[in-house]
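# Descriptive analysis of the structure
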Amino acid sequence: SFYYGTFPAGFLWGVGSSAYQTEGAWNKDGRGPSIWDAFTHKKGKVFRNETGDSACDGYYKVKDDIQLLKELKVNHYLFSISWPRIMPTGIKTEQLNEKGIQFYNDTINSLLENNIIPIVSLYHWDLPQVLQEKYGGWQNISMINYFNDYANLCFEKFGDRVKHWITFSNPWAVAEKGYETGEHAPGLKLGGCGAYKAAHHIIKTHAKVWHSYNNTWRSEQQGMVGISLTSGWGEPVDPHSQTDRDAAERYIQFHLGWFANPIYRGDYPEIMKNYVGRKSAQQGLGTSRLPTFSVQEKTYIKGTSDFLGIGHFTTRYVIQKSLPFLQVSSYHTDRDLAELVDPKWPAPGPKWLYSVPWGFRRLLNFIKTQYGNPLIYVTENGVSEKVQCTQLCDEWRIEYLKGYINEILKALNDGVNVKGYTAWSLLDKFEWNKGFSERFGFYHIDFKNKNKPRYPKASVDYYKKIVSANGFPNPREVENWYQKAMDTCSTTHQLLATDSLITRMEMMREIVLPAVFTLCILISIVLLIFYLRNH
């Protein structure tokens, strides 16, 4: 049932985005190429072969987008720094890009001038392409030192003003989609080993960066360093069946526990070590495909997070499923489970994203129990639409946000230590291998218009009300928010329709007029030739 009430005083409300998905300007002002530039420039990797070359033109629209944040009345903005924008090759000793550093300095300063707290992710998937080509990216242990140099540069240049740092955003996707399935950049299909190896290096890198901050910067800057882990919730199909309960546990441990367990408890989850170890032995391998941490590494990694960032979008029912023995194993077959969905769950957007708010409270309580009730910031939560026509009256997003935020409020009453919420995302943007086909934004962008104008959806008005009220005060008020949001979006729709018509007319003018003019000249030349021949 819905719970009316407000969040504690000082609870942080915000929105997020990431560099590659929004900035554009991929080869401007000294930025080096990233693995996503290389990946999207290959045909067949992304839906409709779309790229983030210009994305939302966020690089040129910082001031405009900060006005949108002010309109939303949020306390913080979570964004990522593009590694190749400030270090074109990824190697500190080779080259620094002062224009890139200035861009982020200006962004941070503008946010603070408008009383918006910057929460900064050091890595949202855009590895410098040079490091991929030279060393194999996250498959190579040398990334630890290169990334640590980059992180220290960021602490040095921005740490006097940035007090919330995220080392990695959703490293699960970096490892699994980048090095196992190849759906994401760098597009490698290193089945069975690639994801585990990449994750191993990422965890060690995270720990090194935390220690760097702790030893060198913390006393002076007084900030916090955490990691942002994205995970669904796994619910057993039959809660009375031990095998289903075990399968659901594996679902969470192979997803969230893979990264959280080493950081909070010093090692990979036992169930993960057992399953991958056993499957590796069946393959005739001498050692497990899941790498091991030395005793010193376990001690070094444990406790390296001042807060835990949590990204969460959806839930699955989970059932035990013993997969037949395969010579070629993968991360997915290692888990011995099947994921199911309830056909009654709303699925407003893509097939993977079902709206199941109660799963969020369960996930948050799992974290509280499993990892000693850490300080949590929700770093990503939202829903996309996958429709061809423009929909500014996004009532499904309003329902999704209302349901999921309400489950956080319930989790707070359970004693979970959540201090902030980041809705995903500020703008419609480039959604990785899905291109621009999935739209997560509060603000609609007309990507066909070269100016990339932003239009507020109904959810802007609704989220703004939640922020201002710091929760859900009473049924009458909350119902009133919905009605007002729907009224607002109807007006914006008319504006968008007018602008779209003007854009089409401009395109017609830019394309048709020169074509007609050229045709007239050609016809005149032909007529002139005929005239001269006849005379």
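For clarity, every value in this text was computed on a predicted model and none was experimentally measured. (Residues numbered from 1 in each chain as written. Predicted model: local features only at pLDDT ≥ 70, side-chain atom pairs only at ≥ 80, totals over all residues. Heavy atoms only, no water.)

### So, the overall build of the chain
From N to C terminus, the chain includes 17 helices and 15 strands. For the chain, whose C-alpha radius of gyration is 25 Å, the value lies close to the compact-globule estimate of 24 Å for 535 residues. For the chain, the share of sequence-separated contacts (at least 6 apart) that also reach a separation of at least 24 residues comes to 76%. Per element, the accessible surface of the chain, about 22,100 Å² overall, is 55% carbon and sulfur. Each charge class in the chain was averaged separately, 60 positive and 53 negative side chains, and the resulting centres sit 2 Å apart. (Helix = DSSP H or I, 4+ residues; strand = E, 2+ residues; numbered from the N terminus. Rg over C-alpha atoms; globule rule 2.2 N^0.38 Å. Contact = heavy atoms within 4.5 Å. Areas by Shrake-Rupley, 256 points an atom, 1.4 Å probe, with all protein chains shown as cover. Lys, Arg positive; Asp, Glu negative; His and termini not counted. Charge placed at Lys NZ, Arg CZ, Asp CG, Glu CD.)

### A closer look at helix α3 (residues 62-72)
Residue pairs three or four apart in sequence face the same way in an α-helix, which turns once every 3.6 residues. Buried residues of α3: Val62, Asp65, Ile66, Leu68, Leu69 and Leu72, and no others. Down the axis of α3, the buried set is contained in an arc of 150°. They therefore lie on one face. Close packing links the buried residues of α3 with β2 (12-16), β3 (76-80), α5 (98-113), β13 (443-445), β14 (454-456) and α16 (458-469). Where α3 terminates, the next one or two residues include Lys73, which has phi positive at roughly 65°. (Buried < 20%, exposed > 50% of the residue type's maximum accessible area, 1.4 Å probe, protein only. Arc of directions from axis to C-beta.)

### What to know about the packing of helix α7 (residues 143-158) against helix α9 (residues 194-221)
The geometry of α7 relative to α9 is characterised by a closest axis approach of 9 Å and an angle of 30° between their N-to-C directions. Overall, the two elements α7 and α9 adopt an arrangement that is roughly parallel. Note that α7 runs across α9; the crossing there is right-handed. Counting all contacts with α7, which are made through Ile144, Asn145, Phe147, Asn148, Ala151, Asn152, Phe155 and Glu156, the residues of α9 involved are His201, Lys204, Thr205, Lys208, Val209, Ser212, Tyr213, Trp217 and Gln221. Class assignment for the residues of the contact of α7 with α9 results in seven nonpolar, seven polar and three charged. (Axes fitted to C-alpha atoms, helices over the stretch in contact; angles between N-to-C directions. Parallel < 35°, antiparallel > 145°, perpendicular 65-115°, else oblique. Left-handed = near helix turned anticlockwise from the far one by under 90°. Nonpolar A, V, L, I, M, F, W, Y, C, P; charged D, E, K, R; others polar.)

### A look at the sheet that holds strand β12 (residues 418-424)
Around the barrel, which closes on itself, the eight strands sit in the order β2-β3-β4-β5-β6-β8-β11-β12 with parallel pairing between neighbours. Taking the axes of each pair of neighbouring strands and ignoring which way they run, one obtains an average angle of 25° across the sheet. Packed on one face of the sheet, helix α14 (residues 358-370) meets β8 (308-311), β11 (376-380) and β12 and runs near 155° to β8. (Pairing = 2+ DSSP bridges.)

### Observations regarding the sheet that holds strand β7 (residues 233-236)
The sheet built from three strands is open, its strands ordered β7-β9-β10 with mixed pairing. Each edge of the sheet is formed by a strand with only one pairing partner; in this case those strands are β7 and β10 (337-340). Ignoring which end each strand starts from, the neighbouring axes of this sheet average 40° apart. Bridging between β7 and strand β9 (residues 315-320) involves four bridges; their strand directions are parallel. Directly across from Glu235, in β9, lies its bridge partner Tyr317. Where helix α10 (residues 242-265) meets the sheet, its contacts fall on β7, β9 and β10, and the angle it forms with β9 comes to roughly 130°. Running over the sheet, α14 touches β7 and β9 and is turned about 100° from β7.

### Looking at the domain arrangement of the chain
Put simply, an interface is often sized by how much accessible area is lost when its parts join up. What the domain assignment reports for the chain is domain 1 (5-473) and domain 2 (475-534). With centres defined by C-alpha atoms, the gap from domain 1 to domain 2 works out at 38 Å. Contact with domain 1, which involves 23 residues of that partner, is made by 18 residues of domain 2. Between domain 1 and domain 2, the buried area comes to about 1,800 Å², and carbon and sulfur atoms account for 73% of it. (Domains from an automatic or database assignment. Buried area = accessible area lost by both parts, 1.4 Å probe.)

### As for empty space enclosed by the protein
Counted under the stated rule, the structure contains four cavities of 30 Å³ or more. Quantified by volume, the largest cavity comes out at close to 200 Å³. Lining of the largest cavity is provided by 19 residues; of these, Thr22, Gly58, Val62, Tyr77 and Thr107 occupy positions nearest its centre. Taken together, the elements giving at least two residues each to the lining of the largest cavity come down to α1 (19-22), α3, β3 and α5. Its residues assigned to classes, the lining of the largest cavity shows 11 nonpolar, six polar and two charged. Reported here for the second largest cavity is a volume of approximately 60 Å³. Mapped onto the lining of the second largest cavity, the elements with two or more residues apiece are α2 (35-40) and α8 (171-179). Examining the composition of the lining of the second largest cavity, we find that three residues originate from one element, α8, more than from any other. Looking at the lining of the second largest cavity residue by residue, the class counts come to 10 nonpolar, one polar and no charged. (1 Å grid on protein atoms, 1.4 Å probe; cavity = no way out; pocket = protein on both sides within 12 Å on 5 of 7 lines; lining within 4 Å. Points joined across faces, edges and corners; volume = space filled by probe spheres on them.)

### Considerations on the UniProt feature "active site" (unreviewed entry) in the chain
The positions that UniProt labels "active site" (unreviewed entry) are, in the present scheme, Glu380. Position of Glu380 among the secondary structure elements: in strand β11. Under the relative-accessibility criterion, Glu380 is labelled buried at 7%. (UniProt positions renumbered as here; feature names shortened; annotations may be inferred.)

### Considering the nonpolar core
Ranked by internal contacts, the top residues of the largest apolar core, which has 148 residues, are Trp138, Trp165, Trp258 and Tyr463. Taken together, domain 1 (5-473) and domain 2 (475-534) each give at least three residues to this core, which thus spans both. Among the nonpolar cores identified, the runner-up in size contains seven residues, and Leu12, Ile119, Leu375 and Tyr377 belong to it. (Core = buried A, V, L, I, M, F, W, Y, C linked by side-chain atoms within 4.5 Å.)

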